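Results of the structural survey
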Amino acid sequence: MSYFIAKTGEFSATGTRDPKTRDFDVKFKLVSTGGLSPGDAWGCAWNQLRLKYPFFRGCKLKSVQVEGKAESCGCMYDVTAHYSYADEETDPYFATLSFSMRGGREKKIHAFDTTSYQAVHELLPPPDFQHAIGYDNGIFQGVDVVVPTNGFSVDVDLPNSAFSAAQLAWCWSVTGAVNAAPLWGFRRGELLFLGPTGNSYRKKNENDQYELWWRLSFEFDAQPSITNANIPPFQNITKEGHQYFWTFCRDKKDPASGITIPVPVAAYVETVYPYADFSWFANLHW
């Protein structure tokens, strides 16, 4: 399925000509060869506009709203892109960062280094488990260790012009995905989006009229990547943050002790979370 976005040539402008106060609404069409849900349509429109039309008359793209045509079966949407210039004090995307970097716990099956000791009554040396930890009845038990963790939330209040039900549907669609591109200093695959929490409320504007607002908390879990690391008995292991690393063991006869034991013979890095475009989150800053 493919889609494209085109400017209709129409736009409306509000505010004065002063570049610090003006804003613009620019109309576009989103056309797709297949049906798109409103949430997917918003995500497609946002990504296309961010890449093709990030600025208009000196103002920056701030929000996108989509409206589908019933007769088009999800293949055509009217898109309104809102461009504005905002000082830092009035920028609705200014957020609060809440985080915890207290170390978490993870079971380690392999040690970085091993020192073995032979019992005084034994004639043969201890079996070499190739740095696997805690062998017991065919299973390596491993050990719980403290590892770096970074769970955090980005909290923000946004007007309905900057965040609507379509964006909420998009957030649902990317929950349980990881970042396809670097974001906030994190490398690809290091940020897992856990989903949003929040509520809507009404707020009076400068004209004493009620507007719809959203109080939102976007939650993430970050895990560091490893590059060309040695995890004995394996070398040059590369793993993105939320990929899963595991090993396969095979029964072999230990040449020194003569005992048949399972030893790690292969390692695997699995991609268990889909990748998603998190570029909208780059609007949030603190």
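What you see is a predicted model; the values in this text were computed from it and never measured.

1. Let's talk about the overall build of the protein
- Within the protein, the regular secondary structure consists of two helices and 19 strands.
- Here the analysis covers contacts within the protein between residues at least 6 apart in sequence; of these, 65% occur between residues at least 24 apart.

2. Here's the deal with unusual backbone geometry
- With an omega of 5 degrees, the peptide bond running from proline 232 to proline 233 counts as cis.
- Even without glycine at this site, glutamine 130 takes up a positive phi of about 55 degrees.
- As for its placement among the helices and strands, glutamine 130 is situated in the loop between strand 7 (104-108) and strand 8 (135-136).
- Given a relative accessible area of 28%, glutamine 130 falls into the partly exposed group.

3. Looking at the nonpolar core
- Among the nonpolar cores identified, the biggest contains 47 residues, and Tyr83, Phe218, Trp280 and Phe281 are the most heavily contacted of them.
- Elements with a minimum of two residues in this core: strand 2 (23-32), helix 1 (38-52), strand 4 (59-68), strand 5 (76-84), strand 11 (150-159), helix 2 (165-174), strand 13 (191-204) and strand 14 (210-222).
- Per-element accounting of this core gives the leading share, six residues, to helix 1.
- Sequence-distant contacts of tryptophan 280, defined by excluding residues within four places in its chain, comprise Trp42, Trp46, Tyr93, Leu158, Ala162, Phe163, Trp170 and Phe218.

4. What to know about a nonpolar patch on the surface
- On the surface, Tyr244, Trp246, Phe248, Tyr268, Val272 and Tyr273 cluster together into a nonpolar patch covering about 560 Å² of accessible area.
- With three residues, the top contributor of residues to the nonpolar patch is strand 17 (residues 244-253).
- Positionally, tryptophan 246 belongs in strand 17.

5. Some details on the side chain of serine 279
- Tracing the backbone shows serine 279 in the segment after strand 19 (275-276).
- Here aspartate 277 takes part through its side chain, which lies 2.8 Å from a polar atom of the side chain of serine 279.
- In this structure serine 279 touches Trp46, Asn47 and Arg50, once residues within four positions along its chain are discounted.

6. Brief notes about the packing of aromatic side chains
- Summed over the entire model, instances satisfying the criterion amount to 27 aromatic pairs.
- For the ring pair phenylalanine 28 and tyrosine 53, a centre distance of 5.1 Å and an interplane angle of 45 degrees mean the geometry is tilted. Of this pair, phenylalanine 28 sits in strand 2 while tyrosine 53 sits in the loop between helix 1 and strand 3 (55-56), placing them 25 residues apart in sequence.
- Between phenylalanine 193 and phenylalanine 278, the ring centres sit 6.2 Å apart and the planes meet at 75 degrees, which makes this aromatic pair edge-to-face.

7. Observations concerning helix 1
- Here helix 1 is 15 residues long and its end C-alpha atoms lie 21 Å apart, about the 21 Å a rise of 1.5 Å per residue gives.
- Those residues of helix 1 lying buried are Gly39, Ala41, Trp42, Gly43, Cys44, Ala45, Trp46, Asn47, Gln48 and Leu49.

8. Regarding the pattern of salt bridges
- Applying the stated criterion across every chain yields a total of five salt bridges.
- With a shortest N-O distance of 2.5 Å, lysine 29 and aspartate 78 are connected by a salt bridge. Of the two residues, lysine 29 sits in strand 2 while aspartate 78 sits in strand 5, which places them 49 residues apart along the sequence.
- Lysine 29 sits in the partly exposed class, given a relative accessible area of 27%.
- Residue classification places aspartate 78 among the partly exposed positions, given a relative accessible area of 23%.
- For aspartate 157, the salt bridge is made with arginine 215, and the minimal N-O distance between the two is 3.2 Å. On the criterion of sequence distance, the pair formed by aspartate 157 in strand 11 and arginine 215 in strand 14 is long-range, its members being 58 residues apart.
- In this structure arginine 215 comes out as partly exposed when scored by relative accessible area, which is 39%.

9. A closer look at the environment of cysteine 171
- As for its position among the elements, cysteine 171 is in helix 2.
- According to the relative accessible area criterion, cysteine 171 is buried, its value standing at 0%.
- A C-alpha to C-alpha distance of 9.3 Å links cysteine 171 and glycine 43, two positions 128 residues apart in sequence.
- Contacts of cysteine 171, omitting those with residues within four sequence positions, involve Phe163, Phe193, Pro196 and Phe218.

10. Some points on helix 2
- Within helix 2 the residues assigned to the buried category are Ala166, Gln167, Trp170, Cys171 and Val174. Summarising the axial view, the buried residues of helix 2 lie within an arc of 145 degrees, below the 170-degree limit, and thus occupy one face. In helix 2, the exposed positions that point more than 90 degrees away from the buried face belong to Ala165 and Trp172.
- Those residues of helix 2 that are buried lie in contact with helix 1, strand 4, strand 13, strand 14 and strand 19.
- Positive backbone phi, approximately 85 degrees, marks glycine 176, located one or two places after helix 2.

About the cut-offs
- Residues numbered from 1 in each chain as written.
- Predicted model: local features only at pLDDT ≥ 70, side-chain atom pairs only at ≥ 80, totals over all residues.
- Heavy atoms only, no water.
- Helix = DSSP H or I, 4+ residues; strand = E, 2+ residues; numbered from the N terminus.
- Contact = heavy atoms within 4.5 Å.
- Buried < 20%, exposed > 50% of the residue type's maximum accessible area, 1.4 Å probe, protein only.
- Core = buried A, V, L, I, M, F, W, Y, C linked by side-chain atoms within 4.5 Å.
- Patch = residues over 30% accessible without salt bridge, like charges linked within 9 Å, V, L, I, M, F, W, Y side chains within 5 Å.
- Areas by Shrake-Rupley, 256 points an atom, 1.4 Å probe, with all protein chains shown as cover.
- Salt bridge = Lys/Arg side-chain N within 4 Å of Asp/Glu carboxyl O.
- Polar contact = N/O pair within 3.5 Å; in protein donor to acceptor, adjacent residues only side chain to side chain.
- Phe/Tyr/Trp six-rings, centres within 6.5 Å; stacked < 30°, edge-to-face > 60°.
- Expected span 1.5 Å × (residues − 1).
- Arc of directions from axis to C-beta.

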